[in-house]
Amino acid sequence: MAVQIKRSSVAGTLSLTPLIDVVFLLLIFFLVTSEFEEEERRLDIVLPTATSAVPMIGKPREIVIDIDQAGEIYLRGQATSLADLEKLLKASVASNPTNQSAVIRADRGASFQPVVSVMDVCNRSGISDYSVTTQEGPEG
């Protein structure tokens, strides 16, 4: 006579208790960390002064300069002259003197002179970290 083992319906279901525990732990973690972040912003701190103080500099966004097929220069989607571009780049370097970068995007049909002019403006403005972008294509 063979012994039959009855499977209970409880063993066939998935236990959600560990999953719920993990979700609650994550919830508590995020609540605690967001509260600490809030506390830091509420503190009223008057910073000391120094004669050689340098402002905190965050990593600036790179400046994207576009050149269309006709050789027109665009900055943030608006046509600009080389003189205006130089003013903006100098202002950007003044606020971020060590790590301002620029990306020059030129149309493939544009002559090379506007690209060289923009590179020259970057050099005069103090931006040495500039690059000319290309897209990947077939060799040849």
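The structure presented is a predicted model; accordingly, all values stated were derived computationally and were not measured. Here the residue index of a chain counts from 1 through its sequence in written order. Two thresholds apply to this predicted model, a pLDDT of at least 70 for residue-level local features and 80 or more for giving and counting side-chain atom pairs, whereas whole-chain, interface and lining totals are computed over all residues. Remark: hydrogens and water are excluded; side-chain values derive from all non-hydrogen atoms of the structure.

Turning our eyes to something else, we now look at the side chain of Ser92. For helices the rule is a DSSP run of H or I covering at least 4 residues; for strands it is a run of E covering at least 2, with both sets numbered from the N terminus onward. Note on placement: Ser92 falls in helix α2 (residues 82–95). The class of Ser92 is buried, set by a relative accessible area of 14%. In what follows, a contact means two residues having at least one pair of non-hydrogen atoms within 4.5 Å. If we skip the residues at most four places from it in the chain, Ser92 touches Ile63 and Gln100. Each residue gets one of three labels from its accessible area relative to the maximum for its type: buried under 20%, exposed over 50%, partly exposed in between, using a 1.4 Å probe on protein chains only.

With that settled, consider the sheet that holds strand β1 (residues 63–67). In this description, strands pair whenever DSSP reports at least two bridges between them. Pairing in this open sheet of 5 strands is mixed, and the strands run β3-β2-β1-β4-β5 from one edge to the other. Unpaired on one side and paired on the other, β3 (78–80) and β5 (129–132) mark the two borders of the sheet. Averaged over neighbouring strand pairs, the angle between their axes works out to 30° when direction is ignored. Looking at chain direction, strand β2 (residues 73–75) and β3 are connected through 3 bridges and run antiparallel. Across the sheet, the residue bridging to Tyr74 is Ala79, located in β3. To obtain an axis, a line is fitted to C-alpha atoms, over the contacting stretch when the element is a helix, and the angle between two such axes runs from 0 to 180 degrees between their N-to-C directions. Its contacts with the sheet put α2 on β1, β2 and β3, and the angle it makes with β2 is roughly 35°.

As a per-residue measure, pLDDT tells how confident the predictor is, with possible values from 0 to 100. For the protein chain, the average pLDDT comes to 78, and 71% of its residues sit at 70 or higher. Looking at the elements of the protein chain, mean pLDDT is at its lowest for helix α1 (residues 17–42), recorded as 76, and at its highest for helix α3 (residues 112–125), recorded as 90. This stretch, residues 37–41, has a pLDDT under 50; its non-local contacts, to residues over four places away or in other chains, come to 0 contacts.

Once that is clear, we can look at the nonpolar core. As a rule of thumb, nonpolar side chains are buried together in soluble globular proteins. What makes a nonpolar core is a set of buried Ala, Val, Leu, Ile, Met, Phe, Trp, Tyr and Cys residues whose side-chain atoms join them at distances within 4.5 Å. Of all hydrophobic cores here, the largest spans 17 residues; its most connected members are Ile65, Ile67, Leu85, Leu89, Val118 and Cys122. Counting residues per element, this core draws most heavily on α3, at 5 residues. Not counting the four nearest positions on each side in its chain, Ile65 is found in contact with Ile73, Tyr74, Leu75, Leu85, Ala102, Val103, Ile104, Arg105, Val118 and Cys122.

Mapped onto the secondary structure, Ala102 falls in strand β4 (residues 101–106). Sequence-distant contacts of Ala102, defined by excluding residues within four places in its chain, comprise Ile63, Ile65, Cys122, Ile127, Asp129, Tyr130 and Ser131.

Geometry of aromatic contacts follows a simple scheme: Phe, Tyr and Trp rings, the Trp one being its six-membered ring, pair when their centres are within 6.5 Å, and the pair is stacked under 30 degrees between planes, edge-to-face over 60, tilted otherwise. Taken as a whole and judged by the stated rule, the model has 1 aromatic pair. A ring pair is formed by Phe29 and Phe30, whose centres lie 5.4 Å apart and whose planes are at 65°; its orientation type is edge-to-face.

Of the two faces of β1, the one lined by Ile63, Ile65 and Ile67 is fully buried and the one lined by Val64 and Asp66 carries no buried residue. Pairing analysis gives 3 bridges linking β1 to β2, with the strands arranged antiparallel. When the bridges of β2 are listed, Ile65 appears paired with Leu75. Counted along the chain from β1 to the antiparallel partner β2, the turn is 5 residues long, and its residue Gly71 has a positive phi close to 95°.

For the rest of this paragraph, the subject is the environment of Pro114. Along the chain, Pro114 falls in helix α3. Of the residues examined, Pro114 reaches a relative accessible area of 13% and is grouped as buried. The sequence separation of Pro114 and Gly71 amounts to 43 residues, and the corresponding C-alpha distance is 5.8 Å. Those residues in contact with Pro114 that sit more than four places away from it in its chain are Ile67 and Gly71.

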